[in-house]
Amino acid sequence: MSELRVAVIGAGLMGADHVSRIGQRIVGAHVSVIVEPDEARAKAALANAPGAAWYPNTDDAIAAKAMDAVLIATPGQFHEPVLLPALNAGLPILCEKPLTTDTESSLRIVEAEVACGKQLIQVGFMRRFDEGYMALRDLIASGESGELLGLHCAHRNPTVPDTYHNDMLIFDSVVHEIDAVRFLTDSPITSVEVKHMKRNTLSPEGLNEPILVLLGTESGLLATVEMNVSVQFGYQVKTEAVFQKGIAEIGRTSGMTRFFDGSISTSEHMSFKTRFAAAYDNQIQRWVNAVAIGTIDGPSAWDGYLAAAAVDAGVKALNSGANETVTYAAKPKFYN
Ligand code: ISE
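Residues numbered from 1 in each chain as written. Predicted model: local features only at pLDDT ≥ 70, side-chain atom pairs only at ≥ 80, totals over all residues. Heavy atoms only, no water.

## A closer look at the pattern of salt bridges
Enumeration over the complete set of coordinates arrives at 17 salt bridges. For the salt bridge of Arg-182 with Asp-303, the shortest nitrogen-to-oxygen distance reads 2.7 Å. Taken together, the residues Arg-182 in helix 7 (residues 168–185) and Asp-303 in helix 10 (residues 301–320) connect sequence positions 121 residues apart. You can call Asp-303 buried: its relative accessible area is 12%. A salt bridge links Glu-249 to Arg-252; the nearest nitrogen and oxygen atoms lie 2.8 Å apart. Residue classification places Glu-249 among the partly exposed residues on the basis of a relative accessible area of 36%. We classify Arg-252 as exposed; its relative accessible area is 62%. (Salt bridge = Lys/Arg side-chain N within 4 Å of Asp/Glu carboxyl O. Helix = DSSP H or I, 4+ residues; strand = E, 2+ residues; numbered from the N terminus. Buried < 20%, exposed > 50% of the residue type's maximum accessible area, 1.4 Å probe, protein only.)

## Some details on the domain arrangement of the protein chain
Here the protein chain is partitioned into domain 1 (4–127 + 278–301) and domain 2 (128–273 + 310–325). For domain 1 and domain 2, the distance between their C-alpha centres works out to 26 Å. On the side of domain 2, 17 residues touch domain 1, which itself brings 21 residues to the contact. Carbon and sulfur atoms supply 60% of the area that domain 1 and domain 2 bury against each other, a total of about 1,800 Å² over both sides. Of all residues in domain 1, Lys-97, Phe-125 and Arg-127 bury the most surface against domain 2, accounting for 43% of the area lost on that side. For the interface between domain 1 and domain 2, the tally reads 2 salt bridges. A salt bridge links Asp-172 to Lys-97; the shortest N-O distance between them is 3.2 Å. (Domains from an automatic or database assignment. Contact = heavy atoms within 4.5 Å. Buried area = accessible area lost by both parts, 1.4 Å probe.)

## Observations concerning the site of the ligand
What surrounds the ligand is the set Lys-97, His-155, Asn-157, Tyr-164, Asp-172, Ser-173, His-176, Tyr-235 and Phe-272. Between His-176 and the ligand, the recorded distance is 2.8 Å, taken from a side-chain N or O atom to an oxygen atom. Sorting elements by how many residues they give to the shell around the ligand places helix 7 first, with 3 residues. Among the residues making up the shell around the ligand, the classes are represented as 3 nonpolar, 4 polar and 2 charged. (Near = heavy atom within 4 Å. Polar contact = N/O pair within 3.5 Å; in protein donor to acceptor, adjacent residues only side chain to side chain. Nonpolar A, V, L, I, M, F, W, Y, C, P; charged D, E, K, R; others polar.)

## Focus on the sheet that holds strand 3 (residues 53–55)
Taken in spatial order, the 6 strands line up as 3-2-1-4-5-6 in an open sheet, and their pairing is parallel. Whereas interior strands pair on both sides, the edge strands pair on one side only; in this sheet they are strand 3 and strand 6 (121–124). Adjacent strand axes in the sheet meet at a mean angle of 25 degrees, parallel and antiparallel pairs treated alike. As paired elements, strand 1 (residues 4–9) and strand 4 (residues 69–72) share 4 bridges and run parallel to each other. Its bridge partner lying in strand 4, Val-8 is registered against Leu-71. (Pairing = 2+ DSSP bridges. Axes fitted to C-alpha atoms, helices over the stretch in contact; angles between N-to-C directions.)

## Details of the side chain of Gln-236
Topologically, Gln-236 is positioned in strand 11 (residues 236–243). For Gln-236, a relative accessible area of 11% translates into the label buried. Polar side-chain contacts of Gln-236 include one of 2.7 Å to the side chain of Arg-156. Here Glu-268 takes part through its side chain, which lies 3.2 Å from a polar atom of the side chain of Gln-236.

## Regarding helix 7
Here helix 7 spans 24 Å end to end across 18 residues, near enough to the 26 Å set by a 1.5 Å rise per residue. Approximately 55 degrees is the largest bend angle found in helix 7, and it occurs at Val-174. Judged by how many residues are buried, helix 7 sits mostly within the fold: 17 of 18 residues are covered. One or two positions beyond helix 7, positive phi appears at Asp-186, with a value near 60 degrees. (Expected span 1.5 Å × (residues − 1). Bend = angle between axes of the 7 residues up to and from the residue.)

## What to know about helix 1 (residues 13–24)
Taking 1.5 Å of rise per residue, 12 residues should cover 16 Å, and helix 1 covers 17 Å from first to last C-alpha, within 8% of that figure. Along helix 1, the residues that are buried comprise Met-14, Gly-15, Asp-17, His-18, Val-19, Ser-20, Arg-21 and Ile-22.

Written out as structure tokens, the structure is:
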């Protein structure tokens, strides 16, 4: 069977990482097109995608029909203008998280996909492909430790780029926990509240963080999320699950521990690119395999919409200080 020709849209940090991943580790696919308006970025990515064509915009790339599938890696606010033409062209899509940055546009995408009559979109919530998250989900479902009572999540970035603004704490960062909590518990998020910790004076101007986000689920449990994007020392994503009969923890660094010169130290990741490298590989390989048989294998556009609805409540909560209720549209039968 011939290899899947993938168009990678956006060759920034994540797009460039996916281009090398597909070139080096993914079986059954190659990058045939890179869409990137910035020539220097495009050239850097093309160096890892022999034979790929460069287009500065998506419409021309789609018109050239030089791809069988699309991987969208532009920032979230630019997803909709790529998703709609790709859907119209009937192309399978892996869309980096978030599906879009607000509920209305996510619903428009869901409606467009339903109109296509085929599930073409998989959303890049890569934590669902991380070994720790998968093991914790299995443990929760097994009931071995008794009922799950709550989750404590820590999501820490050393720093963030200049383009990062305050609402992104929720729609770009906490959106991972919003999806992961539903993935782990199989229960929708029904409320979001945000408390502010003491502001880190090392946070960029305009960011008021770290924050503590409280996610309530329909099943009645509470997840706390420390969202911290200026922690300086490293990239850390951990979850502790509190059960009736014990505790489970995932995400502790697996780096070497060194006992030296009167101190003990273990190295930590500095970026999501290494922390979740295996999860990204797993996610993209499973997507490529699924596309080959005309399906998806991971979170759907509907999952993307559910996350967007909770994000909307989260952004409101961030700015109001109140406990905000999440409301959802009725699920189209198409996604059952
Ligand atoms: C970034 O976009 C990601 O998706 C990372 O996983 C997350 O840690 C970071 O906060 C986001 O800005």
